[in-house]
Amino acid sequence: TRISAAVNNMDEWEDTDKARLYRDGLSRITDTAAESRTGYWVRVSRNRGESWDQPIRVALTAPHGSIALPDGNLFYFGKGIPGDLGDTTRPLQGIAAMISDNTGQSWSSLGAVPLADGTDETNYYEPHVVHIADNHFLGLIRVQNGPDKGRLESLGEVPFSIAQTVTRDGGK
């Protein structure tokens, strides 16, 4: 379905040789195989990058991945997956926090960042977080005009800027 749509759109490409190569490659990928790899993934190394565990599907994405906490838990502050990929630990859409107490093998949802009035999750991207102390975290999130809501200027906000959020309850 998704792969078929991509292949069909190549008929409009000006570079027919490139379109043929892509079409040949994509024709070998089944929809089932594509669906099994859709989403966001982490891989964990237990030996400083010499080898890696199998990929683990996660319900968030962020440019840097999770951060390690002093107690050994992993804290993930990221953007939620749009749609359902069968992940029962999936957080609310938008920007959310999750935690793993088993080196990323499984994740628990902690909470979501409230969105500013007049915006939705399509306005927020590339969240980053810093652990300050104990349950105190500082998050920074890129904010831009999104396709689903009005322009940020009409809300008195500056597009393509940074929003800040703070939690003192561990991300809940």
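Thresholds applied
Residues numbered from 1 in each chain as written. Predicted model: local features only at pLDDT ≥ 70, side-chain atom pairs only at ≥ 80, totals over all residues. Heavy atoms only, no water. Core = buried A, V, L, I, M, F, W, Y, C linked by side-chain atoms within 4.5 Å. Buried < 20%, exposed > 50% of the residue type's maximum accessible area, 1.4 Å probe, protein only. Helix = DSSP H or I, 4+ residues; strand = E, 2+ residues; numbered from the N terminus. Contact = heavy atoms within 4.5 Å. Pairing = 2+ DSSP bridges. Axes fitted to C-alpha atoms, helices over the stretch in contact; angles between N-to-C directions.

Some remarks on the nonpolar core
And then number 1: Counting residues in each nonpolar core, the largest one holds 13 residues, and the members touching the most others are Ile67, Phe75, Phe77, Ile95, Val129, Phe137 and Ile141.
And then number 2: Elements with a minimum of two residues in this core: β5 (74-80), β6 (95-100), β8 (124-133) and β9 (136-143).
And then number 3: The element best represented in this core is β9, accounting for 3 residues.
And then number 4: Counting 11 residues, the second-largest nonpolar core is a separate cluster that includes Ala62, Tyr76, Met98 and Trp107.

Some remarks on the side chain of Ser100
And then number 1: Residue placement: Ser100 occurs in strand β6.
And then number 2: For Ser100, a relative accessible area of 0% puts it in the buried group.
And then number 3: Sequence-distant contacts of Ser100, that is, excluding residues within four places in its chain, are made with Asn73, Leu74, Gln105, Ser106 and Trp107.

Section: the sheet that holds β8
And then number 1: Read from one edge to the other, the open sheet built from 3 strands follows the order β8-β9-β10, with strand pairing classed as antiparallel. With partners counted over all chains shown, the strands left at the sheet margins are β8 and β10 (161-167), one partner each. Strand-to-strand twist across the sheet, computed as the mean angle between neighbouring axes with direction ignored, equals 20°.
And then number 2: In terms of strand pairing, β9 meets β10 through 7 bridges, oriented antiparallel. Looking across to β10, one finds that Phe137 is bridged to Thr167.

What is shown is where atoms sit, not what they do.
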